[in-house]
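Remarks on the overall topology
Read off the chains here:
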Amino acid sequence: MTGYKEVYEDWRNAPNAFWLRQAEAIDWIQPPKTGLSKNSDGVHEWFADATVNTCWNAVDRHVEAGNGNRTAIIYDSPVTDTIEHISFTDLQSRTARLAGALAQRGITKGDRVVIYMPMVPEALVAMLACARIGAIHSVVFGGFAANELATRLDDCTPKAVLAASCGIEPTHVVHYKPLLDQAIELAICKPEFCLILQREQERATLVEGRDFDWFDAQKDAEPVACVPVEGTHPAYILYTSGTTGNPKGVVRPTGGQLVALSWSMRNIYNVQPGDVFWAASDVGWVVGHSYICYGPLINGNTTILYEGKPIGTPDAGAFWRVISEHKVKSFFTAPTAFRAVKRADPRGELLKDYDLSALELVFLAGERADPATVEWAEEKTGKPVIDHWWQTETSWSIAANPAGIELLPIKPGSPTVPMPGYEIAILDEAGQILPPGSLGAIAIKLPLPPSCFTTVWNAHERFEKSYLESFPGYYETGDAGMIDDDGYLYIMARTDDVINVAGHRLSTGAIEEVIADHPDVAECAVIGAADALKGQIPVALYCVNEGVSRDPSEVVSELVQMVRDRIGPVAAFRQATPVDRLPKTRSGKILRATMVKIADGQPFKVPATIDDPAILDEVTAALASLGYPRLQEALEPDAAISS
Ligand code: COA
Ligand code: AMP
């Protein structure tokens, strides 16, 4: 039997041949002859000489193969009390009809379409309909504010927006349509038209001449066939947080996505066509793109579209109910979700009501999987709990435990080993490779494998500057960590200002930009403090302008509201405290990493370059007023990474 080592060596010895072989799992219109090539920007690309269609591979080919009656999507929505099974045949006709309506209104290959929808089947239909006609979709997560949506509209200049009237959170209805209207008002780029899915829970007011009812717009539309696109054609743009307030539009190449996701379904998640796969995430994140929509459908799996939460819809047994009711074989969630379940039902009492016998594997990603959570999940479910590490930029695992090839021994705290396609190096600041056991920046030797991004939308220079400049010949992941003597990788921290809040990637720089806009604020710093439920939580320290003597609690509530209004509730920003001064180096750099250590109660060295060490006492007192350091129930302290 071929094990992980053989497969990895097979790739390493002949990467091109390896990926061309994996490409045979895809239905190409023009099959690729060359795997890897370089484009005019000097960037490596995969399958540039091929033509293909993603929707064909995710939907139509399964119908053609006689599997049209198989369930493609199970929509399980405890918040609307709905369970719906959608077959591949049904999905094909819904997708072809919506694609027809878009084509009828002038959307063609290469046009951008923004999708702003909650977890409803129409969101997947919308993504696939775009893919069907070669339109480039950009899904925006519902927890973002109108301002964030406007930024994305202006960056990708969509001809159309596909949206729903509302989303449903356990405690409230999210008014998508007013947020969309506000975003269009704010944006310079106005879409030509919007299709609005009117949900029972809230009917939106449509703007005459611009907005059309989702189903009315499709009444006269003819279903359309799949349009061939080049292997390098952008399948989608997905915005993700970087160091600044401007999100980066990660561009996903079509051919690479098909090949890599298809490989990952079988070799990492160990599912075969017909098996039920569930990624409990949201279509607004990369997990939703790769493993709610494209990956499982390309592989002929049934995908679960869950509109609910791990707890509160109705209780902490929700995961176990869905797994047992739909016979999920492979399950993927974020550690924060398990922490929420564990907190609500530490002894796993609710689990006893359900039969998990169909479940074989549990996968975790999105943030560091703390060993306590991994061990709890393993003990309660009795299944292997596999941590794996990846990013929006890559769309699939850089490091994982390839259960479809061979389940390697699990070491809690490690996402296991590099996947074929990725040669990982731990580098020091000068870009020198560090030996096993040393902590450093995690970089990936170029070229990146299929499906990884090849540019940032509208900002190729940003792609090069943000990812390729620091370590020539490598992609800089922005994560820091180490590799042990067995070749296992450990992800310890970010090297930039990105934080991870409940598995959601956020930029502290973006939050700082909002806070700095408050008329009373002179300067500020936002740090990610360890949180027992969400992994990290943003905390702001700010200095007020000379002469401001307002009650700090008033200022704090205004700051909280500003962040909600401009970034969105997903930032979970609730904590801020005034300080007289921020700790800085003599050259004026704010010592955020030192403040994080104070907040987390970790030992730290007073930086030699600090301007005035006495400020650290003030910061310690300010953070103590917010209750930091807090008792860490579930998290272990991260390794010390200096900034
Ligand atoms: N649309 C609109 N608003 C949303 C939203 C969405 N899709 N998702 C979250 N929000 C809002 C919530 O309503 C909440 O708003 P509030 O402050 O008005 O209450 C806010 O954003 C924060 O939400 P959330 O991060 O879900 O925190 P929570 O405290 O409500 O729940 C968890 C905590 C752990 C249960 C929840 O974060 C969770 O399920 N996490 C899983 C994360 C995940 O799957 N990540 C994907 C990466 S793999
Ligand atoms: P996103 O692009 O939103 O998927 O976020 C990617 C970032 O989340 C990574 O760069 C890491 O910082 C973090 N991350 C994702 N998966 C893991 C993991 N398994 N362990 C540690 N950190 C992770």
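Worth saying up front: this structure is predicted, and the values here are computed from it rather than measured.

Attention now moves to the site of ligand 1. Lining the immediate environment of ligand 1, one finds 24 residues, of which E169, P310, K534, R564 and R574 sit closest. In this structure, A280 approaches ligand 1 through a main-chain N or O atom, which is 3.3 Å from an oxygen atom. Between an oxygen atom of ligand 1 and a side-chain N or O atom of R564, the distance comes to 2.6 Å. Expressed as a share of its isolated accessible area of 950 Å², the protein-covered part of ligand 1 is 83%. Here the shell around ligand 1 is composed, by residue class, of eleven nonpolar, seven polar and six charged.

Bringing unusual backbone geometry into the picture now. Residue P447 is reached from L446 by a cis peptide bond, and omega for that bond is 0 degrees. Relative to the assigned elements, P447 resides in the loop between β24 (440-445) and α13 (460-468). A cis amide bond links Y628 with the next residue in sequence, P629, at an omega value of -5 degrees. The residue P629 is located in the segment after α17 (614-625) in this model. Positive phi outside glycine occurs at D81, with the angle close to 60 degrees. When you line up the elements, D81 lands in the loop between β4 (71-77) and β5 (82-87). Classification of D81 as exposed rests on a relative accessible area of 72%. A positive phi is found at T416, a non-glycine position, where the angle reads about 75 degrees. Mapping T416 onto the fold places it in the loop between β21 (399-400) and β22 (417-418).

Once that is clear, we can look at the sheet that holds strand β23 (residues 424-427). Pairing in this open sheet of four strands is antiparallel, and the strands run β23-β24-β25-β26 from one edge to the other. Pairing within the sheet leaves two strands with one partner each, and these edge strands are β23 and β26 (489-494). Along the sheet, successive strands turn relative to each other by an average axial angle of 50 degrees, direction set aside. Taken together, the four bridges between β23 and β24 define a ladder with antiparallel strand orientation. Looking across to β24, one finds that I424 is bridged to I444.

For the rest of this paragraph, the subject is the site of ligand 2. Near ligand 2, the surroundings consist of 15 residues, among which H388, T392, D479, R494 and R505 are the closest. In the model, an oxygen atom of ligand 2 is placed 3.0 Å from a nitrogen or oxygen of the Q391 side chain. Side-chain polar atom of D479 to an oxygen atom of ligand 2: 2.5 Å apart, as the coordinates give it. When the free accessible area of ligand 2 is taken as 490 Å², the share hidden by the protein chains comes to 93%. A class-by-class count of the residues in the shell around ligand 2 yields four nonpolar, five polar and six charged.

The next point concerns the UniProt feature "domain: Acetyl-coenzyme A synthetase N-terminal" (unreviewed entry) in the chain. The UniProt record annotates "domain: Acetyl-coenzyme A synthetase N-terminal" (unreviewed entry) at residues 4-58. For residues 4-58, the end-to-end C-alpha separation is 27 Å, with 42% helix and 15% strand making up the annotated structure.

Once that is clear, we can look at the packing of helix α3 (residues 54-67) against helix α4 (residues 88-104). For the pair α3 and α4, interaxial distance at closest approach is 9 Å and the crossing angle is 135 degrees. Regarding the angle of α3 to α4, the classification is oblique. The element α3 and its partner α4 pack so that their crossing is left-handed. Here C55, A58, V59, D60, H62, V63 and N67 of α3 come into contact with α4, specifically with F88, T89, L91, Q92 and T95.

What follows covers the UniProt feature "domain: AMP-binding enzyme C-terminal" (unreviewed entry) in the chain. UniProt's feature table lists "domain: AMP-binding enzyme C-terminal" (unreviewed entry) at residues 511-589, given in the numbering used throughout. Split by type, residues 511-589 is 27% helix and 32% strand. Its first and last C-alpha atoms lie 18 Å apart.

It is worth spelling out the environment of E618 at this point. Locating E618 in the fold gives a position in helix α17. E618 has contacts with V579, D580 and R581, leaving out every residue within four places of it along the chain.

This part takes up the pattern of salt bridges. The full count for this structure, using the stated rule, is 36 salt bridges. Note that E84 and R94 form a salt bridge whose closest N and O atoms lie 2.7 Å from each other. Placement of E84 in strand β5 and of R94 in helix α4 is noted, with a sequence separation of ten residues between them. On the accessibility criterion, E84 (26% relative accessible area) is partly exposed. K219 is the salt-bridge partner of D216, the closest N and O atoms lying 3.0 Å from each other. When its relative accessible area of 63% is taken as the criterion, K219 is described as exposed. When salt bridges with common partners are traced through the structure, they connect K177, D181, R210 and D211 into a single cluster.

Procedures and definitions
Residues numbered from 1 in each chain as written. Chains lettered and ligands numbered in written order. Predicted model: local features only at pLDDT ≥ 70, side-chain atom pairs only at ≥ 80, totals over all residues. Heavy atoms only, no water. Near = heavy atom within 4 Å. Polar contact = N/O pair within 3.5 Å; in protein donor to acceptor, adjacent residues only side chain to side chain. Areas by Shrake-Rupley, 256 points an atom, 1.4 Å probe, with all protein chains shown as cover. Nonpolar A, V, L, I, M, F, W, Y, C, P; charged D, E, K, R; others polar. Helix = DSSP H or I, 4+ residues; strand = E, 2+ residues; numbered from the N terminus. Buried < 20%, exposed > 50% of the residue type's maximum accessible area, 1.4 Å probe, protein only. Pairing = 2+ DSSP bridges. Axes fitted to C-alpha atoms, helices over the stretch in contact; angles between N-to-C directions. UniProt positions renumbered as here; feature names shortened; annotations may be inferred. Parallel < 35°, antiparallel > 145°, perpendicular 65-115°, else oblique. Left-handed = near helix turned anticlockwise from the far one by under 90°. Contact = heavy atoms within 4.5 Å. Salt bridge = Lys/Arg side-chain N within 4 Å of Asp/Glu carboxyl O.

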